[in-house]
Amino acid sequence: ASILRDVKSSTKKAPATKSLIVLGDNESGRTTLVAKLQGNEDPKRGAGLEYHYIDVKDDDRDDTPKLGVWILDGDVACSAPLLKFALKAETVENSILLLVASMTQPW
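Overview of the structure. (Residues numbered from 1 in each chain as written. Predicted model: local features only at pLDDT ≥ 70, side-chain atom pairs only at ≥ 80, totals over all residues. Heavy atoms only, no water.)

Regarding helix H2 (residues 30-38), the residues found buried are Arg 30, Thr 31, Val 34 and Ala 35. When H2 is viewed along its axis, its buried side chains cluster within an angular range of 130° and face the same direction. In this fold, the buried residues of H2 make contact with strand E1 (17-24), strand E2 (49-55), strand E3 (66-72) and strand E4 (95-100). A positive phi of about 85° marks Gly 39, the residue just after H2. (Buried < 20%, exposed > 50% of the residue type's maximum accessible area, 1.4 Å probe, protein only. Helix = DSSP H or I, 4+ residues; strand = E, 2+ residues; numbered from the N terminus. Arc of directions from axis to C-beta. Contact = heavy atoms within 4.5 Å.)

Below is the structure:
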């Protein structure tokens, strides 16, 4: 009962600045996955570091929060230095990494 009371009385809302960082090899479908989550059926091929956003439906909010999505190129030598722009010390708490693997070569 005390847990339900705490949840019911909680006024804390999810922060508006959440980030998703998508990593994976070339041709693994990173950009296509994000495009599908956005409702876009015609993804464009990306390169380097891309930034997108996804509208997040939240019944507890009057506004529509956006999920920031960073997609890093699969070429590790080129994209590793760009990771510092997507993942910072002050944003790491509200960030998640998504590793994408192609099932044509899952190894």
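In this structure, Glu 50 sits in strand E2. The side chain of Glu 50 is buried and forms no salt bridge, while Arg 30, the nearest opposite charge, is found at 5.6 Å. In terms of polar contacts, Glu 50 uses its side chain to reach the side chain of Thr 31, at 3.2 Å. Within the structure, the side chain of Glu 50 is placed 2.9 Å from the side chain of His 52, a separation counted as a polar contact. (Lys, Arg positive; Asp, Glu negative; His and termini not counted. Salt bridge = Lys/Arg side-chain N within 4 Å of Asp/Glu carboxyl O. Polar contact = N/O pair within 3.5 Å; in protein donor to acceptor, adjacent residues only side chain to side chain.)

Counting residues in each nonpolar core, the largest one holds seven residues, listed as Leu 20, Val 22, Val 34, Ile 54, Val 69, Ile 71 and Val 100. Among the elements of the structure, E1 and E3 are those that each provide at least two residues to this core. (Core = buried A, V, L, I, M, F, W, Y, C linked by side-chain atoms within 4.5 Å.)

A few words now on the pattern of salt bridges. Enumeration over the complete set of coordinates arrives at two salt bridges. Lys 36 is the partner of Glu 41 in a salt bridge, and the nearest nitrogen-oxygen pair spans 2.8 Å. When its relative accessible area of 60% is taken as the criterion, Glu 41 is described as exposed. The class for Lys 36 is partly exposed, based on a relative accessible area of 45%.

The pairing of strands in a sheet happens through backbone hydrogen bonds and is either parallel or antiparallel. Strand order in the open sheet formed by four strands is E2-E3-E1-E4, and the pairing between neighbours is mixed. For this open sheet the edge positions go to E2 and E4, each flanked by a neighbour on one side alone. Neighbouring strand axes in the sheet, compared pairwise and without regard to direction, differ in orientation by 25° on average. Alignment of E1 against E4, held across six bridges, turns out to be parallel. (Pairing = 2+ DSSP bridges. Axes fitted to C-alpha atoms, helices over the stretch in contact; angles between N-to-C directions.)

Quick look at a nonpolar patch on the surface now. A surface patch of nonpolar side chains, amounting to about 230 Å² of accessible area, comprises Leu 33, Leu 37 and Leu 98. Position of Leu 33 among the secondary structure elements: in helix H2. (Patch = residues over 30% accessible without salt bridge, like charges linked within 9 Å, V, L, I, M, F, W, Y side chains within 5 Å. Areas by Shrake-Rupley, 256 points an atom, 1.4 Å probe, with all protein chains shown as cover.)

Another point: the pairing of E3. Of all seven residues in E3, five are buried; the element is thus mostly enclosed. Where E1 lies against E3, six bridges are found, and the strand directions are parallel. Opposite Val 22, over in E3, you have Ile 71 as the bridge partner. Pairing of E2 with E3, which is carried by seven bridges, proceeds in the antiparallel orientation. Residue pairing in the sheet places Tyr 51 in a bridge with Trp 70 of E3.

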